[in-house]
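Topology and contacts: notes
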Amino acid sequence: MTQQVLNAIFIGSIYALFAVGYTLVFGVLDVVNLAHSAVFMLGAVFTYSLVALHGMPFLPAALIAIVLCGLLGLLIEFVALRPLRRRNAPPIAALISTIGLALVFVAIVEQATPGTLFGWLWQDGPNSVRFPTGAVPNPTYHLGGLTIEGTKLDILVISVVLMLVLGYVIRFTQVGRALRAVAENRRAATLLGINVDRIFASTLFVSSALGGLAGLLFGLAISDIGPYIGRDQVELKGLAVIVLGGMGSIPGAVLGGYLLGLIEVFAFVRFGSNVEAGVAFAALFVMLVVRPQGLFGTRLRERL
Amino acid sequence: MDFFVQLFSDPVGFYNQHELLIAQIGINAILAISIFVTFYSGQLTLANAGFMAIGAYTTVLMSLYLPTPLPVNMLVGAVLAGAIGFLVGLPVLRLRGIFLAIATIGFVEALRLGVILNVPITGEGQGLKNPTADPLGGIVPILISLPILTYLVWRLTHTRLGQAWAAIREDELAASSNGINVPLFKMIAFVISAILAGYAGALETHINFFVDPTEYSVTRTIQILTFAIVGGTTNVLGPIVGATFLTALPEIIRQASAYRDVVNGVILILVIIFRPQGLVGRGGLAIIPPRWWTRWRASERPAPAQ
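A brief report on the enclosed structure follows. (Residues numbered from 1 in each chain as written. Chains lettered and ligands numbered in written order. Predicted model: local features only at pLDDT ≥ 70, side-chain atom pairs only at ≥ 80, totals over all residues.)

**Quick word on the overall build of chain B**
- Broken down by element type, chain B carries 14 helices and two strands.
- In chain B, which comprises 306 residues, the proportion classed as buried is 46%.
- Nonlocal contacts in chain B, meaning residues at least 24 apart in sequence, comprise 79% of its contacts between residues at least 6 apart. (Helix = DSSP H or I, 4+ residues; strand = E, 2+ residues; numbered from the N terminus. Buried ≥ 20, exposed ≤ 12 C-beta atoms within 10 Å, placed from the backbone. Contact = placed C-beta atoms within 7 Å.)

Structure (structure tokens):
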């Protein structure tokens, strides 16, 4: 049982890390960025590509992949979000344009085989791969009767530290204050001399970098890297997480991630894997009907 | 280009050769109409794939276990989808905007992963074999239903009901202060949409040999939404044009059909940015020029004489 709780915490960390990026964009821009799951997938794919196809050591590859994902965030902002904001389109429009970008990202990886246009990035088409053995050091620790893999421990430490740093930045720094001001009231923030566009761009950068990191950690821990990992594994579950925690609330997303991890592991142990797959959405549905503001959303405006 | 040459030079041969494509266009058009109805009343609901599943499974299960004729089975599937739409709508339609969209996504996936994959009678992950499947005969009811449903929905948008929907879409608060029963009209739109989606699901099982649960995921709803958005949602022709265009596209550009999703994604982005009203919509062929375009044009123009 303790082993199961540990698993819940590991998978919960990935959910939380993914959902923090999701919820950050929603909190600041009022947009659900459905390309986030594609960036998650690309985080894993970039790292894999650098390590397995281009022979880089793991750590620099991971750093480069994270930066590339951040740049993809800027691409999302400039291609899919900014033109719509310029003409005051309804938030639904941004939802749809990010769906378009996600389609493009996934299809590019899905169609990439050796010799095609994107063969340098990915060679396995729609198939799943894993990091070559030995590319990533993965010691196993034994603690009492528990078995802890080194990568899973890394995941836990990295996610907790990053989420604390993000929380600190948003609460206590000048940038964080500007961010919260923009989230609170865009126009007033502009009047106070905050460069709103720059805040949006940096939000997308940070959010996508976190999403890419979550993706590469997922690929590391679950050993499943492929064009559909974002869409199938975290896109909708990430929505469930941010709804559970309260849309736009960062502490909510973190706790929602761990909560969903626990719910899933519990459902798996109790009812088997078929029920596990559906339980996130049942929880999402019930939460929206009973308490749409989520566990930690107080008023919708107080979000970050 | 052969596609268009054949369409005009040899319509009968074209029909025979592309029968399944035409059937799929018809089904996608009905689905796009179903999402159009809720869109027209100002709600973004993404539950259509779930209602399709209800229509499809009901039809096939009735064909398997009951002696009723097929048209009855299909209608029962559609009505049941509507009834479940009503039950789902009761709690869900209180939500607005993105929350409504997310809740309906939750419904679709909970239905598929939670119910369909766990109830033995649905064949779980295996799906069901359809005993009455008839890929070539199945096109007839589709080609009959599409114009009828299009006409009905088009008429509906011009009745008081349609006006109420338009009023709710433009400004919910103003509509309700003018005495429009907002929850009631939203519910009507949602149930009609569910019935249409259920019916389309039932029609689709008729041209496929299998009912496959993976068909009824959120991905499918997103696809349907794409049809409606690309075609435009100002009137009922938009979704039909969108569904036709996007379903036929991989056939038209055979060479690039591997990159179909790239093309779809790019079209979606271009439409939502430069032509938010969709291909069919007010404003003739006007597009919203991007800012760099106007800026570039301004710098090209000679400076005004002093």
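**Details of the overall build of chain A**
- Looking only at helices and strands, chain A has eleven helices and two strands in total.
- Scanning chain A from its N terminus toward the C terminus, one meets helices and strands in the order α-α-α-α-β-β-α-α-α-α-α-α-α.
- Taking 2.2 N^0.38 as the reference for a compact globule, 304 residues should give roughly 19 Å; the C-alpha atoms of chain A span a radius of gyration of 19 Å, in line with that estimate.
- Considered along the principal axes of its C-alpha atoms, chain A spans approximately 55 × 45 × 35 Å.
- Scored against the burial criterion, the 304 residues of chain A give a buried share of 52%.
- Nonlocal contacts in chain A, meaning residues at least 24 apart in sequence, comprise 73% of its contacts between residues at least 6 apart. (Rg over C-alpha atoms; globule rule 2.2 N^0.38 Å.)

**So, the interface of chain A and chain B**
- On the side of chain B, 36 residues touch chain A, which itself brings 37 residues to the contact.
- For the side of chain A that touches chain B, the secondary-structure elements that each account for two or more residues are helix 3 (58-86), helix 4 (91-111), helix 9 (229-245) and helix 11 (273-290) of chain A.
- Looking at the side of chain A that touches chain B element by element, the count peaks at 15 residues for helix 4 of chain A.

**Quick look at helix 6 (residues 97-116) of chain B**
All names here are of chain B.
- The terminal C-alpha atoms of helix 6 lie 28 Å apart, and with 20 residues this matches the ideal 28 Å at 1.5 Å per residue to within 8%.
- Its axis deflected by about 30 degrees at Ala110, helix 6 carries its strongest bend there.
- In terms of burial, helix 6 is largely enclosed, as 16 of its 20 residues are buried. (Expected span 1.5 Å × (residues − 1). Bend = angle between axes of the 7 residues up to and from the residue.)

**Topic: the pairing of strand 1 (residues 140-143) of chain A**
Residue and element names in this part refer to chain A.
- Bridge count between strand 1 and strand 2 (residues 146-149): four bridges; the pairing is antiparallel. When the sheet's bridge partners are listed, His142 is paired in strand 2 with Thr147.
- The loop that links strand 1 with its antiparallel partner strand 2 comprises two residues; one of these, Gly144, has a positive phi angle of about 60 degrees. (Pairing = 2+ DSSP bridges.)

**Focus: unusual backbone geometry**
- Located in the positive-phi region is Asp30(A), a residue other than glycine, with phi close to 65 degrees.
- Structurally, Asp30(A) is set in the loop between helix 1 (2-29) and helix 2 (36-53).

**Observations concerning the packing of helix 10 (residues 250-271) of chain A against helix 11 of chain A**
Residue and element names in this part refer to chain A.
- Interaxial distance between helix 10 and helix 11 falls to 8 Å at its minimum, and their mutual angle equals 145 degrees. Relative to helix 11, helix 10 is oriented so that their crossing is right-handed. Contact with helix 10, carried on its side by Leu260, Ile263, Glu264, Ala267, Phe268 and Phe271, involves Ser273, Val275, Glu276, Val279, Ala280 and Ala283 of helix 11 and no other residues of that element.
- The class makeup of the residues in the contact of helix 10 with helix 11 is nine nonpolar, one polar and two charged. (Axes fitted to C-alpha atoms, helices over the stretch in contact; angles between N-to-C directions. Left-handed = near helix turned anticlockwise from the far one by under 90°. Nonpolar A, V, L, I, M, F, W, Y, C, P; charged D, E, K, R; others polar.)

**Looking at the nonpolar core**
- Ranked by internal contacts, the top residues of the largest apolar core, which has 196 residues, are Val20(A), Ala240(A), Ala32(B) and Ile33(B).
- Broken down by element, the residue count for this core peaks at 17 residues, all from helix 1 of chain A.
- Beyond its immediate chain neighbours, meaning those up to four positions away, Ile33(B) contacts Leu149(B), Thr150(B), Val153(B), Leu196(B), Val236(B), Pro239(B) and Ile240(B). (Core = buried A, V, L, I, M, F, W, Y, C linked by C-beta atoms within 7 Å.)

**A closer look at helix 5 (residues 70-92) of chain B**
- Taking 1.5 Å per residue, 23 residues should reach 33 Å; helix 5 of chain B reaches 32 Å between its end C-alpha atoms and fits that length.
- Within the sequence span of helix 5 of chain B, burial applies to Asn73(B), Met74(B), Gly77(B), Ala78(B), Leu80(B), Ala81(B), Gly82(B), Ile84(B), Gly85(B), Val88(B), Gly89(B) and Val92(B).
- The secondary structure elements touched by the buried residues of helix 5 of chain B are helix 11 of chain A together with helix 4 (48-65), helix 6 and helix 10 (182-207) of chain B.

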